[in-house]
Amino acid sequence: MAGRKAYKRLGDLLVEAGVISEKQRDEALDLARQSNGKKKFGEVLIDMGYTTNDEIVNALSVQLEIPKVTVSSIQISDAIVNLLGAVDEKASENYRSFLRNNVMIPFELDAKNPNIVHVAMADPQDYNAMDDFSVITNYQAEPYVSTSQDIMIALDKFFPDEATQRLMREFAQERKDKVERNQSEDSALSDISSSPIVKSVNDMIDAAARARASDIHIEALENRFRVRFRIDGALYEQPKFGSDIHGLPAMITRLKIMGGMDISEKRKPQDGRITKIIDRVEYDIRVSMLPTVFGEKCVMRLAKKSALTRDKKDLGFSDEEMKQFDHILKNTNGILLVTGPTGSGKSTTLYTALSELNKEDVNIITVEDPVEANIDGVNQVQVNNKAELTFANALRSILRQDPDIIMIGEIRDGETAEIAVQASITGHLVVSTLHTNSSASTISRLEDMGIESYLLADSMIGVIAQRLVRRLCPNCKRIHVATEDEKELMGLDLTKDFQFYEANPEGCEECDHMGYHGRIGIYEIMTVTPKLKKVIARGGSADELEEAALSEGMHTLRQSAKRLVLDGITSYKEMVRTTFEN
C-alpha cells in the first residue's frame with residue numbers, strides 16, 4: 001500500500017476542486033462549529049445546498065487520488081463478510097457496530113496482495129479507523145471513497161445487525177412466557193420502550209428508506225408476522241425483519257407510540273404520522289393500523305419531503321407534453337386536475353406545478369389532508385375533521401383570503417367540487433387531484449358529483465392523467481424481439497422487425513436482482529380547447545370527449561408508455577400492466 005499522504009481538510013479539498021467557494025467554506029465551518037459537534041462540516045454543506053454527496057465523493061477521489069466505488073452494487077463474497085473467521089457472537093456484533101460507527105465496509109481482497117483488503121469509506125482520511133480495522137481483522141485497509149448512504153445500504157445488505165434480531169427473538173419469547181403465565185397483555189408490554197424493540201423498528205424504517213421503498217407492510221399471519229417493502233411499485237418480503245408472531249404486538253405498540261396513536265385501542269383502525277431523519281434526509285411517514293384476524297396490520301408510507309418539490313424536467317414529460325403542461329399553467333383562472341390511482345405520482349406533479357407558479361406577486365393557499373411537504377412562500381392548511389375544518393369549510397374561508405391560486409389536495413365530494421368550480425369561475429386558478437382512470441372520464445365523474453356541464457365547460461382548463469412505470473435496469477436489461485401480437489397491440493408495421501428491451505429476470509447487483517430500478521411518469525394531457533368545451537357543454541360522453549381530444553393532439557397513456565418502450569426505458573410487459581384499462 002502506498003504511503004499515507006498528509007491530511008487535508010475537506011473544505012480546502014472542495015475549494016481546490018472548485019466545488020465550493022472560500023466564502024461558502026467559511027460559512028459552513030462557522031455553522032458546523034455552532035452545532036457543537038452535532039453536525040459535520042460535509043453535512044452542513046449539503047444542508048445549505050452548496051454541494052451534494054456525489055460531488056464531495058468525486059472531489060475526494062480526484063484530490064486525494066483515491067478510487068471511488070459504488071459499493072452497494074457489488075456482490076461482496078462470503079470470504080469478506082466472514083473476514084474475522086470463527087469468532088463468538090459478541091466479537092461479531094462489535095465488528096459490525098465498528099463498521100457502522102465509522103461508515104466503512106470491506107468489499108474485496110487486493111488482487112496482488114492477499115493481506116490487503118479494499119475498504120469503502122465515507123472519510124478516506126480517517127486513518128484511526130483504518131488502523132483499528134487492521135487491528136481487528138489482521139488485514140491492511142486500502143481506502144476507496146463512497147457516499148455514506150451507499151455504504152449504509154451495503155451494510156444493511158451484507159452486515160445486517162444480528163444483535164437486534166436476536167434481542168427481538170428474546171423479547172418475543174419473554175413476552176410469550178409472560179402471556180402463558182396468564183399475565184395481562186399490558187404487563188407483557190410494559191417494557192415496550194426497551195432498546196431491542198426501539199432499535200429493531202428504527203433499523204427497519206432506515207433499511208426501507210435506503211432501499212427506496214415507498215411503503216412498509218407489517219402483516220400478522222397465523223404463526224408469524226412478515227415485513228414487506230414496496231419498491232418501484234412491487235412488494236418484496238424482508239425475512240430479516242419478520243419473526244415469531246409473539247414479537248408483533250411489541251413492534252405495533254412501538255409504532256403507535258411513535259405515530260401518536262392510542263396503544264390500548266386494538267379493535268379500531270388508527271392513523272398516525274412520524275417524521276424521521278435518515279441519512280440526513282427528512283422523511284414524512286404516514287402510519288395506518290388495521291385490525292385483522294391474526295393481529296393488527298400496519299402500513300407505513302414513506303415520503304421524502306424534498307422529493308415532492310422537484311424540477312418539472314424530472315417528471316418524465318416529453319418535449320410536446322412539456323409544452324402542453326407549460327401552456328396550461330399560463331392560465332390565470334380555471335381548474336387543472338391531476339388524476340390517477342393511489343401512488344401514481346399525483347402529489348409530486350401538483351407540488352411541481354405549485355413550485356412553478358410560486359412567485360412573489362401571487363398568493364397561493366392550499367388545503368390538504370395531510371400536508372405532504374412544506375413549500376416556502378405558500379400558505380398551507382391542514383384538514384382537521386374533529387375541528388370541523390373539512391375541505392369544503394376550509395375552501396370557503398380561503399376564498400376570503402384573497403387567493404390567486406388554490407390547491408385542493410383531493411376533490412372527494414360534490415360540495416368540494418362545487419366550491420372549486422365557483423372559485424375558478426370567479427377568477428382563481430384551482431389545481432387538485434381526482435381518482436379516475438383517464439382524462440376524459442374525469443369530466444363524467446364531476447358531472448356525477450352534480451356539477452352542471454355548462455359550468456365544467458366554462459371552468460376546466462386541463463386534465464392530466466398519469467401513471468408510474470418501472471425503469472429497466474440499464475446495466476442488465478436485455479434485447480427482446482417483438483412478436484406479431486406485440487407489434488399489433490403497439491400499432492407498429494407488422495411487416496417490419498422491431499426490437500425492444502425487457503427486464504432480466506435474474507437482475508444484477510445494480511438493481512438488487514429486480515430487473516428494474518426506479519420509476520418514470522407516463523402522461524395523458526388533455527388541454528381543454530374550444531372544441532372540447534363544446535363537447536363538455538352539451539354533456540358528451542367520455543368516449544366522445546376522448547375522440548375529440550385525440551383529434552386535438554392528445555396522446556393517451558398507452559401512447560406515452562409506447563414511446564418509453566421504443567426508447568428502451570421500460571418494457572412491453574410494464575406498458576401492458578400499467579395501461580391495461582386503456
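Coordinates for the structure precede this section.
Residues numbered from 1 in each chain as written. Predicted model: local features only at pLDDT ≥ 70, side-chain atom pairs only at ≥ 80, totals over all residues. Heavy atoms only, no water.

Quick notes on the overall build of the protein chain
- Of the regular secondary structure elements, the protein chain holds 23 helices and 19 strands.
- A compact globule built from 582 residues should have a C-alpha radius of gyration of about 25 Å, and the protein chain, at 27 Å, falls within 12% of that.
- Out of the 582 residues belonging to the protein chain, those deemed buried represent 49%.
- Pairs at least 24 apart in sequence give 63% of the contacts found in the protein chain among residues at least 6 apart.
- Accessible surface, the protein chain: about 28,000 Å² in total, of which carbon and sulfur atoms supply 47%.
- For the protein chain, the distance from the average position of its 72 positive side-chain charges to the average position of its 92 negative side-chain charges is 1 Å. (Helix = DSSP H or I, 4+ residues; strand = E, 2+ residues; numbered from the N terminus. Rg over C-alpha atoms; globule rule 2.2 N^0.38 Å. Buried < 20%, exposed > 50% of the residue type's maximum accessible area, 1.4 Å probe, protein only. Contact = heavy atoms within 4.5 Å. Areas by Shrake-Rupley, 256 points an atom, 1.4 Å probe, with all protein chains shown as cover. Lys, Arg positive; Asp, Glu negative; His and termini not counted. Charge placed at Lys NZ, Arg CZ, Asp CG, Glu CD.)

Focus on the pattern of salt bridges
- One pass over the full model with this rule turns up 25 salt bridges.
- Glu296 is the salt-bridge partner of Lys256, the closest N and O atoms lying 2.9 Å from each other. Here Lys256, found in helix H12 (residues 248-259), pairs with Glu296, found in strand E10 (residues 295-304); they are 40 residues apart in sequence, far enough to count as distant. Exposure class is identical for Lys256 and Glu296. Each is buried.
- Of the charged contacts in the structure, one is a salt bridge between Glu321 and Arg563, with a shortest N-O distance of 3.8 Å. Remark: Arg563 occurs in helix H22 (residues 557-566) and Glu321 occurs in helix H13 (residues 319-329); sequence separation between them is 242 residues.
- Judged by its relative accessible area of 3%, Glu321 is buried.
- A relative accessible area of 27% means that Arg563 is categorised as partly exposed.
- Salt bridges linked by common partners bring Arg9, Asp12, Arg25 and Asp26 together as one network. (Salt bridge = Lys/Arg side-chain N within 4 Å of Asp/Glu carboxyl O.)

Considering empty space enclosed by the protein
- This structure, assessed with the given rule, holds two cavities of 30 Å³ or more.
- Empty space within the largest cavity amounts to approximately 40 Å³.
- Lining the largest cavity, in full, are His480, Glu486, Glu502, Ser571, Tyr572 and Lys573.
- Of the residues that constitute the lining of the largest cavity, the class distribution is one nonpolar, two polar and three charged.
- Each pocket or cavity is described by its volume, and for the second largest cavity that value is around 30 Å³.
- What lines the second largest cavity is Glu320, Glu321, Gln324, Glu524, Ile525, Met554 and His555.
- At the level of secondary structure, the elements contributing two or more residues to the lining of the second largest cavity comprise H13 and strand E19 (516-527).
- Examining the composition of the lining of the second largest cavity, we find that three residues originate from one element, H13, more than from any other. (1 Å grid on protein atoms, 1.4 Å probe; cavity = no way out; pocket = protein on both sides within 12 Å on 5 of 7 lines; lining within 4 Å. Points joined across faces, edges and corners; volume = space filled by probe spheres on them. Nonpolar A, V, L, I, M, F, W, Y, C, P; charged D, E, K, R; others polar.)

Section: the side chain of Glu219
- Within the secondary structure, Glu219 sits in strand E4 (residues 213-220).
- When its relative accessible area of 11% is taken as the criterion, Glu219 is described as buried.
- There is a polar contact of 2.7 Å between the side chain of Glu219 and the side chain of Arg228.
- Of note is the side chain of Glu219, whose polar atom sits 2.9 Å from the side chain of Lys297. (Polar contact = N/O pair within 3.5 Å; in protein donor to acceptor, adjacent residues only side chain to side chain.)

What about a negative patch on the surface?
- Residues Glu360, Asp361, Asp402 and Asp404 make up a contiguous surface patch of negative charge.
- By the element assignment, Asp402 lies in the loop between helix H15 (391-398) and strand E14 (405-408).
- A residue is classified by how much of its surface remains accessible, and Asp402, at 62% relative accessible area, is exposed. (Patch = residues over 30% accessible without salt bridge, like charges linked within 9 Å, V, L, I, M, F, W, Y side chains within 5 Å.)

Some remarks on the layout of surface pockets
- Here the second largest pocket defines a volume of roughly 960 Å³.
- The wall of the second largest pocket is formed by 35 residues, among which Lys40, Glu43, Ala122, Asp123 and Arg280 lie closest to the centre.

A closer look at the sheet that holds E14
- One open sheet holds the seven strands; their spatial order is E13-E12-E14-E15-E11-E16-E19, and the pairing between them is mixed. At either end of the open sheet lies a strand with only one pairing partner, and these are strand E13 (379-382) and E19. The sheet shows a mean angle of 20 degrees between the axes of neighbouring strands, taken without regard to direction.
- Note that strand E12 (residues 364-368) and E13 share four bridges and pair parallel. If you follow Thr366 over to E13, its bridge partner there is Gln380.
- Taken strand by strand, H13 contacts strand E11 (334-339), strand E16 (460-472) and E19, and its axis lies near 55 degrees from that of E19.
- Relative to the sheet, helix H17 (residues 439-448) contacts E11, strand E15 (429-434), E16 and E19, its axis offset from that of E16 by approximately 130 degrees. (Pairing = 2+ DSSP bridges. Axes fitted to C-alpha atoms, helices over the stretch in contact; angles between N-to-C directions.)

Here we look at the packing of aromatic side chains
- Throughout the structure, instances matching the rule amount to five aromatic pairs.
- With 4.3 Å between their ring centres and 40 degrees between their planes, Phe317 and Tyr523 make a pair best called tilted. Of this pair, Phe317 sits in the loop between E10 and H13 while Tyr523 is found in strand E19, placing the two residues 206 residues apart along the sequence. The two residues Phe317 and Tyr523 agree in class, both being buried.
- Here the aromatic rings of Phe500 and Tyr572 are separated by 6.4 Å at their centres, their planes lie at 10 degrees, and the arrangement is stacked. With Phe500 in strand E18 (residues 499-502) and Tyr572 in helix H23 (residues 572-578), this pair connects stretches of sequence that are 72 residues apart. You'll find Phe500 and Tyr572 in the same group, each marked buried.
- Of the aromatic side chains, those joined through ring pairs into one cluster are Phe317, Phe325 and Tyr523.
- The aromatic ring of Tyr516 is capped on one face by Arg470, whose charged end is 4.1 Å from the ring centroid.
- The cationic tip of Lys477 hangs over the ring face of Tyr501; the distance from NZ or CZ to the ring centre is 4.5 Å. (Phe/Tyr/Trp six-rings, centres within 6.5 Å; stacked < 30°, edge-to-face > 60°. Lys NZ or Arg CZ within 6 Å of the ring centre and 35° of its normal.)

Honestly, it's all geometry; don't read function into it.
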